[in-house]
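The chain contents come next:
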Amino acid sequence: THNSLPAALEVSARFRQMGQRARIVTFDNPNDPFGVEKLQHFVGQPTSPISLRDLRIGVVGDPSPWLVASVVSPEMLEEMWGPSLVEIPMDELEAAISGVSDSVRLRLAGDFERSSCKAIEPSVEETREAAAIADALESLATEKRLHALTLRCFDLVEARKNTGCLALSHLD
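The rules behind each value
- Residues numbered from 1 in each chain as written.
- Predicted model: local features only at pLDDT ≥ 70, side-chain atom pairs only at ≥ 80, totals over all residues.
- Heavy atoms only, no water.
- Helix = DSSP H or I, 4+ residues; strand = E, 2+ residues; numbered from the N terminus.
- Buried < 20%, exposed > 50% of the residue type's maximum accessible area, 1.4 Å probe, protein only.
- Pairing = 2+ DSSP bridges.
- Axes fitted to C-alpha atoms, helices over the stretch in contact; angles between N-to-C directions.
- pLDDT = per-residue confidence, 0-100.
- Core = buried A, V, L, I, M, F, W, Y, C linked by side-chain atoms within 4.5 Å.
- Contact = heavy atoms within 4.5 Å.

Undergrad: Explain unusual backbone geometry here, please?
TA: Going from Glu121 to Pro122, the amide bond is cis rather than trans, its omega being 5 degrees. If you trace the backbone, Pro122 turns up in the loop between helix H5 (102-115) and helix H6 (124-143). Located in the positive-phi region is Lys161, a residue other than glycine, with phi close to 55 degrees. Along the polypeptide, Lys161 turns up in the loop between helix H7 (153-160) and helix H8 (165-171). Residue classification places Lys161 among the exposed residues on the basis of a relative accessible area of 63%.

Below is the structure:
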């Protein structure tokens, strides 16, 4: 897709900044034997104590309709690579956000503000809302035992006039 390569380049650069190796492997389609062979060559034996088969990835919200080539079926992902996808409706995230107390919003927003060098934007209220999104995502990730998650951010922009950017960076 149009955003996949820039996102992969960004992640690759970040890994290299952290002293880690990174390689981008492209596929013509999910069943591309050459792509799978290249990936297997580069991955080799995993060194992580957690195998891909043990991973649970949360999918918060449906994939955006403009993702025309990168939507993968959960069954195929689990069969080929092992991770299981845990679907989380946006309504469930909305309920979790609404349940975040003012004291948690204030505390997390203060943490965000103290960790920044300078803030031109967002406003204090927007930062508190982002803090609520962060707390809600973290709670859902803990409750559902997730190792990673993906978020349909544009729904947050429409519903809450806020993004998931600060929240997702908090989960790092």
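From this point, the narrative continues.
Undergrad: Could you clarify how one ought to interpret the sheet that holds strand E2 (residues 84-88) in this entry?
TA: Hydrogen bonds between backbone atoms are what pair the strands of a sheet, whose relative direction is either parallel or antiparallel. Strand order in the open sheet formed by three strands is E2-E1-E3, and the pairing between neighbours is parallel. Strands with a single pairing partner mark the edges of an open sheet, and in this sheet they are E2 and strand E3 (148-151). Direction aside, neighbouring strands of the sheet carry axes that sit 25 degrees apart on average. For strand E1 (residues 56-60) and E3, the ladder comprises four bridges, and the chain directions are parallel. Of the residues in E3, the one forming a bridge with Ile57 is Ala148.

Undergrad: Sorry, what's going on with the confidence of the model for the protein here?
TA: Do not read the fine detail of predicted coordinates wherever pLDDT is low. Scored by pLDDT, the protein comes out at a mean of 83, with 91% of its residues at no less than 70. No element of the protein has a lower mean pLDDT than helix H2 (residues 33-43), at 76, and none a higher one than helix H4 (residues 90-98), at 96.

Undergrad: I'm lost on the pairing of E1 in this one. Help?
TA: Each regular strand carries side chains that alternate between the two faces of the sheet. As judged from the five bridges shared by E1 and E2, these two strands associate in the parallel manner. Residue pairing in the sheet places Val59 in a bridge with Glu87 of E2.

Undergrad: Explain the environment of Cys117 here, please?
TA: You can see Cys117 is positioned in the loop between H5 and H6. Under the relative-accessibility criterion, Cys117 is labelled exposed at 87%.

Undergrad: Teacher, can you tell me more about the nonpolar core here?
TA: The nonpolar side chains of a soluble globular protein tend to be buried with one another. Val60, Leu93, Ile97, Leu137, Leu151 and Leu156 are the most contacted members of the largest nonpolar core, which totals 23 residues. When contributions to this core are tallied by element, the ones reaching two or more residues are E2, H4, H5 and H6. Considering each element in turn, this core owes the most residues, eight residues, to H6. Setting aside residues up to four positions removed in sequence, Leu93 forms contacts with Val60, Ala136, Leu137, Leu140, Leu151 and Leu156.

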